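# Structural features, examined
Residues per chain are reported as follows:
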Amino acid sequence: MVYQVVIIGGGVAGLTLGLKLARSNVDTLVVEKQSKASHLYKGELLQPKSLSHFDRLEILPLILDHCYVLPEIEFIEMNRENGRLLPQTNNVFSYEILDPPYNYACMIDHEKLKSIILKEAQSYPTFHYMNQAKFLSFKDEQTALVESGGEKQEIRGAIFVGAEGRGSRVAREMGVSYKEYAYNHQFLTVSFPRPPDLTKAEMFSWQNRFLGLFPLPDGRVRTVLLIKPGELKEMKNIGLSSFYEAYTDFLPSLKGYVDQIDSWNKIQLMIPFRHHASRYVKQNKILIGDAAHTVHPMAGEGMNMAIQDADILGELLVYLISGNNLTQKELLWYEEVRKPRAEFMMKLSHQAALFYSYPYDWFQKLRKRGIEKTGAFSHLHFKQMLNISGMGMLPFTIGDRLQQAGIPAPVKRKLKRSKKSYYFAQEEDYPWAYSSASGTGKKGKKR
């Protein structure tokens, strides 16, 4: 079996890349070891940049048919009074501060998203799919060994892409090392039927406690509860009532809904972890998604980063294959574009995680003030939503941080240019297509 591109891993990243390549008549094979839908929680929040990519792939209408649209996210800071948690302040962060048409996010069942992408990809004759197949190793630079049906097979390809997530075998074969970071908290996640009045994304917090609620399109709600390491064991010793109370303490109206969860087996423990690969490209091997980077889930960016990887790499591979120029030097364009953006998003998610990492009253006051000021100043609000949307990358300045802390800062409180001018331009997303004539790369860097 011989293909132009072989993708190891049939998650959202691998399938998105496969669809993108197949649409451009690139002979592509996706190798996936699972045969059934996973019951484990994976990304469900699609950010605006991802929506724009799916629009270009002409499947956004199908996705929106199965999405719950989120125009905004509400942050609710709580305070304990007379033994009860009561709302103290609420602040709304709106995607509508971005320019249309991609000025919203949406929630979609992860497996449903995969099925939409896979079905569309299979409509192209250049897309091939092999499930219940496990990647073993590389026999040589252009041959992968795969086990399927108890037998080993050799698969030849010009390019191999590792999209298998954390613990990537392709990454090990490449000799990639990782920078890693662990956190001082964990999460419990589960979905259940939602109350009729729960119609928007809400994030409740008190000290270092946190509950996130994100509506799903089937009358359910995805929930994320922050806990201390080891707390799950304590909760299990008490019983499911301790889990219910953790929810109803924040939002009493969840009574009668959260208690429909009748088994601990339905609740998934998530241990947040961050890692970043030392390299994304080696010879004809490339990493995308969690194989290249994982981020803290607080900002809901992991799946979106993977989709953005697939878009950038897909565009580059189509460009290079059409010009018969598949060298490592040219493939490094992908790493040059994606690695700095991944590092920026990892830092952004890390900072969001630290907001909920400490139980001190003074820290809660600082978080409360930071959220209030970010929402109050339009330029700070825009920067926050632009960054998490993936549509652009606009770091906060020292003056911005002073404003968020409530310290008067002698800085302008308006954007210097139009909002659209801060979005990633085509030249930034796909710089190779604009540099061939001049022989320079991004920001004039010689290649």
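For the structure given in this document, a descriptive report is provided here.

The rules we used
- Residues numbered from 1 in each chain as written.
- Predicted model: local features only at pLDDT ≥ 70, side-chain atom pairs only at ≥ 80, totals over all residues.
- Heavy atoms only, no water.
- Helix = DSSP H or I, 4+ residues; strand = E, 2+ residues; numbered from the N terminus.
- Rg over C-alpha atoms; globule rule 2.2 N^0.38 Å.
- Buried < 20%, exposed > 50% of the residue type's maximum accessible area, 1.4 Å probe, protein only.
- Contact = heavy atoms within 4.5 Å.
- Areas by Shrake-Rupley, 256 points an atom, 1.4 Å probe, with all protein chains shown as cover.
- Lys, Arg positive; Asp, Glu negative; His and termini not counted.
- Charge placed at Lys NZ, Arg CZ, Asp CG, Glu CD.
- Phe/Tyr/Trp six-rings, centres within 6.5 Å; stacked < 30°, edge-to-face > 60°.
- Lys NZ or Arg CZ within 6 Å of the ring centre and 35° of its normal.

## Comments concerning the overall build of the protein chain
- Summing up its helical and strand segments, the protein chain has 14 helices and 21 strands in all.
- A globule of 447 residues ought to have a C-alpha radius of gyration of about 22 Å, and the protein chain, at 23 Å, matches this closely.
- Structurally, the protein chain occupies a C-alpha span of about 70 × 55 × 40 Å along its principal axes.
- Here the protein chain, with 447 residues, has 55% of them falling under the buried criterion.
- Taking as baseline every contact in the protein chain between residues at least 6 positions apart, the subset at least 24 positions apart corresponds to 71%.
- Put simply, the protein chain shows about 20,000 Å² of open surface, and 50% of that area lies on carbon and sulfur atoms.
- On the protein chain, the mean spot of the 58 positive side-chain charges and the mean spot of the 47 negative ones are 5 Å from each other.

## Here's the deal with the packing of aromatic side chains
- Overall, the coordinates contain 19 aromatic pairs when judged by the stated rule.
- When the ring of Phe127 is compared with that of Tyr129, the centres are 6.4 Å apart and the planes differ by 15 degrees; the resulting orientation is stacked.
- Of the residues examined, Phe127 reaches a relative accessible area of 7% and is grouped as buried.
- Centroid distance Phe135 to Phe138: 4.9 Å. Interplanar angle 55 degrees. Geometry classified as tilted.
- Joined through ring pairs, the aromatic side chains of Phe192, Phe243, Tyr244, Tyr247 and Trp264 make up one cluster.
- For Arg341, the ring lying beneath its charged end belongs to Phe424, and the centroid distance is 3.6 Å.

## With respect to the environment of Glu372
- Relative to the helices and strands, Glu372 resides in helix α10 (residues 361-376).
- With a relative accessible area of 26%, Glu372 lands in the partly exposed category.
- Apart from the residues lying within four places of it in its own chain, the contact partners of Glu372 are Thr89 and Asn91.

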